[in-house]
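In case you want the letters, here they are:
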Amino acid sequence: MALPTTAPYSSAERKFPQTSVQANDLLILASTDELFNHVDDGLPMWAGEGDREVVVEILFQTAFLKIPAIVLNVVGIDSAHDQNLRYAVNPINITTKGFSIQFKTWGDTHIARASVSWQATGQV
């Protein structure tokens, strides 16, 4: 049974502060931050079993003209040492105004917290 967790963050919450580089009509937006911390409150990625996911919505500080290319990297992970580490991270729902980061795990894996970096590149 899946235990989805959705956590949209607004810029007011200061999650994923963005840096930008622009060359002519090409814009690169990038950010690195903690995606989730489930250990402190015993949330599903840490305390659950089976299929689980966290989905975090990212809104671009500048909209693109066309759907940008997205690159995601896991830059930090804190997990239990007595289970296999299983996870998948994907960009989903990509638009010119933003996208969502989907982080999934399954089985008996327990993930306390995870951090990711992302980069969006496209025309403006």
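A brief look at the structure comes next. The structure presented is a predicted model; accordingly, all values stated were derived computationally and were not measured.

1. Section: the sheet that holds strand S3 (residues 26-37)
On the basis of which strands lie adjacent, the open sheet formed by four strands has the order S2-S3-S8-S5 and antiparallel pairing. A strand with exactly one partner marks an edge of an open sheet, and here the two such strands are strand S2 (19-23) and strand S5 (69-79). Each adjacent strand pair in this sheet contributes to an overall mean axis angle of 15°, direction not counted. The sheet contact formed by S5 and strand S8 (residues 111-123) spans ten bridges and is antiparallel. Residue pairing for S8: Val-74 is matched across the bridge by Val-116.

2. As for the pattern of salt bridges
Counted by the stated rule, this structure contains two salt bridges. In this structure, Asp-78 and Arg-113 form a salt bridge, with 2.4 Å as the shortest nitrogen-oxygen distance. Here Arg-113 lies in strand S8 and Asp-78 lies in strand S5, a separation of 35 residues in the sequence. Exposure remark for Arg-113: the relative accessible area of 26% places this residue in the partly exposed category. For Asp-108, the salt bridge identified is with Arg-86, shortest N-O distance 2.9 Å. Residue Asp-108 is located in the loop between strand S7 (98-105) and S8, and its partner Arg-86 is located in the loop between S5 and strand S6 (88-92); the two are separated by 22 residues in the primary sequence.

3. Considerations on the side chain of His-110
Turning to its location among the elements, His-110 is positioned in the loop between S7 and S8. When residues no more than four places from it in sequence are discounted, the contact partners of His-110 are Met-45, Trp-46, Ala-47, Gly-48, Glu-49, Arg-52, Ser-79, Ala-80 and Gln-83.

4. As for the environment of Arg-86
Sequence-wise, Arg-86 and Thr-105 are 19 residues apart; in three dimensions their C-alpha atoms are separated by 5.7 Å. Ignoring anything within four residues of it in the chain, the contact list for Arg-86 reads Lys-104, Thr-105, Trp-106, Gly-107, Asp-108, Thr-109 and Ile-111. One polar contact links Arg-86 to Thr-109, side chain to side chain, over a distance of 2.9 Å.

About the criteria used
- Residues numbered from 1 in each chain as written.
- Predicted model: local features only at pLDDT ≥ 70, side-chain atom pairs only at ≥ 80, totals over all residues.
- Heavy atoms only, no water.
- Pairing = 2+ DSSP bridges.
- Helix = DSSP H or I, 4+ residues; strand = E, 2+ residues; numbered from the N terminus.
- Axes fitted to C-alpha atoms, helices over the stretch in contact; angles between N-to-C directions.
- Salt bridge = Lys/Arg side-chain N within 4 Å of Asp/Glu carboxyl O.
- Buried < 20%, exposed > 50% of the residue type's maximum accessible area, 1.4 Å probe, protein only.
- Contact = heavy atoms within 4.5 Å.
- Polar contact = N/O pair within 3.5 Å; in protein donor to acceptor, adjacent residues only side chain to side chain.

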